[in-house]
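Read off the chains here:
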Amino acid sequence: MSREIRFYNTLTRQQEAFHTLEPGHARLYTCGPTVYNVVHIGNLRTFLFEDVLRRTLQTLGYRVTQVMNLTDIDDKTIKGAGAEGVSLREFTDRYIKLFFEDIDTLRIQRAEHYPRATDYIPQMVNLVRRLTANGHTYVLEGSTYFRIATFPHYGRLSGILLDEVKAGARVDADEYEKEDVRDFVLWKAPKSGEPSWETVLGPGRPGWHLECSAMSTALLGESFDIHTGAVDNIFPHHENEIAQSEGATGMPFVHTWLHAEHLVVEGEKMAKSKGNFFTLRDLVERGHDPAAIRYLLLSVPYRQKLNFTFDGLAGAEAVMRRLDNSLRRLQHTPPATGGGSLAIADVEGFESELLDGLADDLNTARALAAFHMLLTRVNQALDGEGIAQPVRDRLDDAFGLVQRTLDILPARQRAADDGAQINALVAERTAARQGRDFARADTIRQELAARGIILEDTPHGTVWHRQ
Ligand code: AMP
Ligand code: ZN
């Protein structure tokens, strides 16, 4: 590949040059939503980091195969379906549909595969059988557990130390804290009111951790390149996935582990259980622009916490308006007749800095700073000698690159609809002025001002921007 990508690998605790196992093909597994509720913008921050990851890999020349699982069976989905008295399928179908609507609203590109856990029960059973054959399991009261003492690497990802006192103790819940490191459940004995499958392991249902090991292997192979999630997935979820997959196959499971820091609210992780969350729908209903939300969530590199505030969102909206204005000013200004004040080399320098930023462990802040610098130079050039046509063509390519990687430019449709109407009024005002009908020209200026549109009469004609 022409540009080296560096990632901070949680497993080795250092930045490393990225190489794929299969030349030119990046295979990644991104832990997806538990579909018992509408996702919140904290979840979406993680899915957005994964979106930039796949876009960066593609832009830098890799073919990408991304798998994002849909956890449609676990403690939470079962509880939710039970509370409503509907089937698990009916309950989770509803939230899967809403999940896809949300990621589309946020311009998150679709992965190649969205496996549902309940469609992979035979693969999960098979994985447990392989673990049993390798001496990693035991059965107690109809449930099968992973004995962590049989896996010497247990704890390598999260850095936990095995506490001998707890050896042999078990945990049945899908989620638990580091202090509770114990043998964990692979296959759970049936309970009344819970769905269960008749299998060679006996009747029951899978534990959450088993699901991701089985689905990743089924779709990406026994060893693949990248596995991601947010930091809360490191322990126990990803630690357990490594134990299950490597315990069964004897092969290294994943080369590079990437973990996003949390979206926080007043210092606390945004979480459904805490009630301190916002959904994308909440924010859009309050009139916030999804493109600005995307911008806000990308403005802080993924390995740093991001504190969500409405002031921060208003700041992102102001940035979007500035972007919109700069782009429209460029669009409405005729090309320079001479050489102009912006060079092709300036545009190429920007593209290079954008890609260097993304290749530097997905440093979105650096990539965005480069883009703002470019727009500053565009504005300066428009104040000066203008921009010649060949440079404008290169700028169009550069904006295309921004869209392919970050996808933060204002929604074209909205700007186009509204813009066409404003352009018509501006043209009418110009005609009125030419016909010396200054009263009409003034009325139009005032009407536009009331809509927050400011006119500027320049030697190249009238340009407009939003307040
Ligand atoms: P869940 O639906 O709870 O399985 O979460 C889906 C993804 O969102 C997982 O990768 C979580 O680690 C991640 N996640 C949950 N809460 C947050 C948060 N506050 N900020 C960022 N990512 C989160
Ligand atoms: Zn997972």
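Located above this text is the structure these notes cover.
Okay, so let's go over this structure. Owing to the predicted nature of the structure, the values given are computational and were not obtained by experimental measurement.

Quick look at the coordination of the zinc ion (ligand 2) now. Here the zinc ion (ligand 2) is held by the protein donor atoms Cys31 (SG), Cys212 (SG) and His237 (NE2), which lie 2.1 to 2.2 Å from it. Sequence spacing among the residues donating to the zinc ion (ligand 2) works out to C-x180-C-x24-H. Of the two residues, Cys31 is situated in the loop between strand 3 (25-30) and helix 1 (41-59) and Cys212 in helix 5 (residues 208-220); the sequence distance between them amounts to 181 residues. As far as burial versus exposure is concerned, Cys31 and Cys212 are alike and both buried.

For the rest of this paragraph, the subject is the sheet that holds strand 11 (residues 254-260). Here 4 strands make up an open sheet; going across it, the order is 4-3-10-11 and the pairing parallel. Edge positions in the sheet fall to strand 4 (63-68) and strand 11, since each of these pairs with one other strand and no more. Taken pair by pair, the neighbouring strands of this sheet meet at an average axis angle of 20 degrees, ignoring direction. Sheet topology places strand 3 next to strand 4; 6 bridges connect them, and they run parallel. For Leu28, the partnering residue across the bridge sits in strand 4 and is Gln66.

This paragraph deals with the pattern of salt bridges. Once their charged atoms are close, side chains differing in charge can pair, the charge on each being opposite to the other. Applying the stated rule across the entire model yields 36 salt bridges. The partner of Asp407 in a salt bridge is Arg107, with the nearest N and O atoms 3.4 Å apart. Within this pair, whereas Asp407 is found in the loop between helix 12 (389-405) and helix 13 (412-434), its partner Arg107 is found in the loop between helix 3 (88-105) and helix 4 (121-133), the two being separated by 300 residues in sequence. Here the two residues Asp407 and Arg107 agree in accessibility, since each one is buried. We note a salt bridge from Asp383 to Arg329, for which the minimum N-O separation is 2.7 Å. Highlighted residues: Asp383 in helix 11 (residues 364-383) and Arg329 in helix 9 (residues 310-332), separated in sequence by 54 residues. Several salt bridges converge on common partners, so that one network encompasses Asp51, Arg55, Arg107, Arg294 and Asp407.

Take the sheet that holds strand 12 (residues 263-265) next. Spatial ordering of the open sheet is given by 13-12-14, a layout of 3 strands whose pairing is mixed. Unpaired on one side and paired on the other, strand 13 (268-269) and strand 14 (306-307) mark the two borders of the sheet. Where strand 12 meets strand 14, 2 bridges bridge the pair, whose relative direction is parallel. Across the sheet, the residue bridging to Val264 is Asn307, located in strand 14.

Right, let's talk about the side chain of Glu50 for a bit. Relative to the elements of secondary structure, Glu50 occurs in helix 1. It is Arg54 that comes nearest to the buried, bridge-free Glu50 among opposite-charge side chains, at 10 Å. Those residues in contact with Glu50, other than ones at most four positions away along the chain, are Thr30, Cys31, Gln66, Met68, Thr228 and Gly229.

A few words on the pairing of strand 8 (residues 183-188). With 6 of 6 residues buried, strand 8 is to be regarded as a mostly interior element. With 2 bridges joining them, strand 7 (residues 170-171) and strand 8 adopt parallel strand pairing. Looking across to strand 8, one finds that Val171 is bridged to Phe184. Taken together, the 2 bridges between strand 8 and strand 9 (residues 205-206) define a ladder with antiparallel strand orientation. Each residue of the ladder has a partner; that of Lys188, found in strand 9, is Arg205.

Attention now goes to the nonpolar core. In this structure, Leu57, Tyr154, Phe371 and Ile408 are the most contacted members of the largest nonpolar core, which totals 129 residues. It is helix 11 that provides the largest number of residues to this core, a total of 9 residues. Residues in contact with Tyr154, not counting those within four places in the same chain, are Ile148, Ile160, Leu162, Tyr176, Val181, Phe184, Phe235, Glu239, Asn240 and Ala243. Within the second largest apolar cluster, 8 residues are counted, among which are Ile444, Leu448, Ile453 and Trp464.

Before going further, it helps to spend a moment on the packing of aromatic side chains. Using the criterion set out here, one finds 19 aromatic pairs in the structure. When the centroid spacing of 5.2 Å and the interplanar angle of 70 degrees are considered together, the rings of Phe91 and Tyr95 count as edge-to-face. Remark: Tyr95 and Phe91 occur in helix 3; sequence separation between them is 4 residues, near one turn of the helix. With relative accessibility at 2%, the residue Phe91 sits in the buried group. Seen from their ring centres, Phe278 and Phe308 are 5.4 Å apart, and the 50 degrees between their planes marks the pair as tilted. Residue Phe278 is found in the loop between strand 13 and helix 7 (280-285), and its partner Phe308 is found in the loop between strand 14 and helix 9; the two are separated by 30 residues along the sequence. On the basis of relative accessible area, Phe278 is assigned to the buried category, the value being 17%. Over the ring of Tyr145 we find Arg170; its NZ or CZ atom is 5.8 Å from the centre of that ring. Looking at Arg303, its charged tip hangs above the ring of Tyr8, at a distance of 3.6 Å from the centre.

Let us now look at the side chain of Arg55. Relative to the assigned elements, Arg55 resides in helix 1. Within the structure, Arg55 has its side chain in polar contact with the backbone oxygen of Arg404 (distance 3.0 Å). Those residues in contact with Arg55 that lie beyond four places of it in its chain are Arg107, Gln109, Arg294, Gln403, Arg404, Thr405 and Asp407.

Rules and cut-offs
Residues numbered from 1 in each chain as written. Chains lettered and ligands numbered in written order. Predicted model: local features only at pLDDT ≥ 70, side-chain atom pairs only at ≥ 80, totals over all residues. Heavy atoms only, no water. Donors = N, O, S within 2.8 Å, 3.2 Å for Na, K, Ca; no water. Helix = DSSP H or I, 4+ residues; strand = E, 2+ residues; numbered from the N terminus. Buried < 20%, exposed > 50% of the residue type's maximum accessible area, 1.4 Å probe, protein only. Pairing = 2+ DSSP bridges. Axes fitted to C-alpha atoms, helices over the stretch in contact; angles between N-to-C directions. Salt bridge = Lys/Arg side-chain N within 4 Å of Asp/Glu carboxyl O. Lys, Arg positive; Asp, Glu negative; His and termini not counted. Contact = heavy atoms within 4.5 Å. Core = buried A, V, L, I, M, F, W, Y, C linked by side-chain atoms within 4.5 Å. Phe/Tyr/Trp six-rings, centres within 6.5 Å; stacked < 30°, edge-to-face > 60°. Lys NZ or Arg CZ within 6 Å of the ring centre and 35° of its normal. Polar contact = N/O pair within 3.5 Å; in protein donor to acceptor, adjacent residues only side chain to side chain.

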